[in-house]
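# Commentary on secondary and tertiary structure
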Amino acid sequence: MSSSAGAPAGARNGSGWYLYGVVAADAPAQLDAGISVDPAHGVELLAEGPLAALASKVSLEEFDEEHLRERLNDPAWLERNIRAHEQVLERVLASASVVPFRFCTVYRSEAELRRFLSQRGSDLAGVLRRVDGKVELGVKAFVDRERFAAGLGTRSEEARELEARAAGAEGGRAYLEGRRFDQLVAKELERFAAQVVEASHAHLLAAAEEGTLGPLRSPEVSGRSDEMLLNGAYLVRAGGGELEEAVAALARRYAEQGVSFEVTGPWPPYNFVPREVGAA
Amino acid sequence: MTDRDRHPLEQQVTLIELVDRVLNRGVVLSGDITLSVAGVDLVYVGLRVLLASVGTLERLEQQASGNGNGKVLAAGGPRR
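None of the values given here were measured: they were computed from a predicted structure. (Residues numbered from 1 in each chain as written. Chains lettered and ligands numbered in written order. Predicted model: local features only at pLDDT ≥ 70, side-chain atom pairs only at ≥ 80, totals over all residues.)

Broken down by element type, chain A carries 10 helices and 10 strands. For a compact globule of 280 residues, the expected C-alpha radius of gyration is about 19 Å, and chain A comes in at 25 Å, more than 25% above that figure. With respect to the three principal axes, the spread of C-alpha positions in chain A is 85 × 40 × 35 Å. Counting every position in chain A, which comprises 280 residues, the buried fraction comes to 40%. Restricting to contacts in chain A with at least 6 residues of sequence separation, those with at least 24 account for 74%. (Helix = DSSP H or I, 4+ residues; strand = E, 2+ residues; numbered from the N terminus. Rg over C-alpha atoms; globule rule 2.2 N^0.38 Å. Buried ≥ 20, exposed ≤ 12 C-beta atoms within 10 Å, placed from the backbone. Contact = placed C-beta atoms within 7 Å.)

Next up, the structure:
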């Protein structure tokens, strides 16, 4: 394992290259020496023509397909490396536009990685132009069901009557009246949710370059007790502030109905790069 | 590195956001040049593992099998 005169340690067939993302070769990309998916190897910029790969060496013992499947079942390993992947990209995102690649994109050799960059250079450059100067922001909307139900009484005569009957009844009848009120709330909430999603997404798109809606997450996954109504991702100019303003306006519009909004990011534009590059 | 510690809720939320992006999105390479695992598998495996790690998978499964029509307010109507 002794390495001579700056030659990288590790047998050639024992290590591969993990690709985090692609940047323009002349971009002022900043790297953080301490963060990578394999602590033994830091992230490097491998320039190939007008593009550069953000990549670091990894042990193939850890990252070849067979072993990777095992690792993916190790929560600590998975979390550490997902965070490392993201941190590498976020660090770069602060000073340069980046095309993010999916977790665990690994090449067997530097030559193969460079060949990919030169063969797919025009595709990648196109993607890079699309996200140039832009970042992704996440916007989620949640509704507090109890607050929504409480407000319903002030907006709907039917709800007011049902609520009053439930409050005035006793025993089994109270239960039945309560159920009827719950069913009305569920029906109204469903209708309201569809409205909120449509109106909010349109409003946010007007403040963004592009936008997309993702799957809703249950309270167990989202970590919030409120129900998720909207899970959007928006491509915006870095540092623009328009989307945040649009979110604030929506929050004011729907606050009374128990809806709250949450903005996350800036993220690398994960949702605005093609799913595949290099399809034959 | 505190990976094995129990994380505060906020950090778990961020982790799920990360999973949604790092595992579900980003460019995937096709062809024979990489070792990257098929996207769909990775998403499934990743989410499953992470949920299990925060102790919620069990509850999710219970919910999926026991409660098909969503949540309703407790009988008696809203508070406040």
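More follows now that the structure is in view.
The helix and strand tally for chain B stands at 3 helices and 1 strand. Seen in sequence order, chain B has helices and strands lined up from the N terminus as α-β-α-α. Taking all 80 residues of chain B together, 32% fall into the buried category.

Right, let's talk about the nonpolar core for a bit. Tyr18, Leu19, Tyr20, Val23, Ala55, Val92 and Tyr234 of chain A are the most contacted members of the largest nonpolar core, which totals 82 residues. Structurally, this core is a two-domain feature, drawing no fewer than three residues from each of domain 1 (12-131) and domain 2 (136-154 + 184-272) of chain A. (Core = buried A, V, L, I, M, F, W, Y, C linked by C-beta atoms within 7 Å. Domains from an automatic or database assignment.)

This paragraph deals with the sheet that holds strand β9 (residues 259-267) of chain A. Residue and element names in this part refer to chain A. Strand order in the open sheet made by the 4 strands is β7-β8-β6-β9, with antiparallel pairing throughout. The open sheet terminates on both sides in strands that have one partner only, identified here as β7 (210-213) and β9. Along the sheet, successive strands turn relative to each other by an average axial angle of 20°, direction set aside. Pairing of strand β6 (residues 134-143) with strand β8 (residues 227-237), which is carried by 10 bridges, proceeds in the antiparallel orientation. What sits directly across from Phe142, in β8, is Met228. (Pairing = 2+ DSSP bridges. Axes fitted to C-alpha atoms, helices over the stretch in contact; angles between N-to-C directions.)

What follows is about the domain arrangement of chain A. Residues and elements named next belong to chain A. What the domain assignment reports for chain A is domain 1 (12-131) and domain 2 (136-154 + 184-272). For the side of domain 1 that touches domain 2, the leading source of residues is helix α3 (residues 75-93), giving 3 residues. Among the residues making up the side of domain 1 that touches domain 2, the classes are represented as 5 nonpolar, 1 polar and 2 charged. (Nonpolar A, V, L, I, M, F, W, Y, C, P; charged D, E, K, R; others polar.)

Next up on the list: the packing of helix α6 (residues 145-155) of chain A against helix α8 (residues 171-205) of chain A. The geometry of a pair of packed helices is captured by two quantities: the angle between their axes and the separation between those axes. Residues and elements named next belong to chain A. At a minimum axis separation of 10 Å, α6 and α8 run at an interaxial angle of 100°. Between α6 and α8, the crossing angle belongs to the class labelled roughly perpendicular. From α6, Arg145, Phe148, Ala149 and Leu152 reach across to α8, where they touch Val185, Glu188 and Leu189. Its residues assigned to classes, the contact of α6 with α8 comprises 5 nonpolar, no polar and 2 charged. (Parallel < 35°, antiparallel > 145°, perpendicular 65-115°, else oblique.)

We now examine the pairing of β8 of chain A. All names here are of chain A. The element β8 is largely enclosed, with a buried count of 9 among its 11 residues. Both β7 and β8 contribute to a ladder of 4 bridges, which runs antiparallel. Paired with Leu213 across the bridge in β8 is Gly232.

This brings us to the packing of helix α7 (residues 157-168) of chain A against α8 of chain A. Residues and elements named next belong to chain A. At their nearest, the axes of α7 and α8 sit 8 Å apart, and the two run at 155° to each other. Relative to α8, α7 is oriented roughly antiparallel. As α7 runs across α8, the sense of the crossing is left-handed. Within the contact between the two elements, α7 uses Glu158, Ala159, Leu162, Glu163, Arg165 and Ala166 and α8 uses Ala174, Glu177, Gly178, Arg180, Phe181 and Leu184. (Left-handed = near helix turned anticlockwise from the far one by under 90°.)

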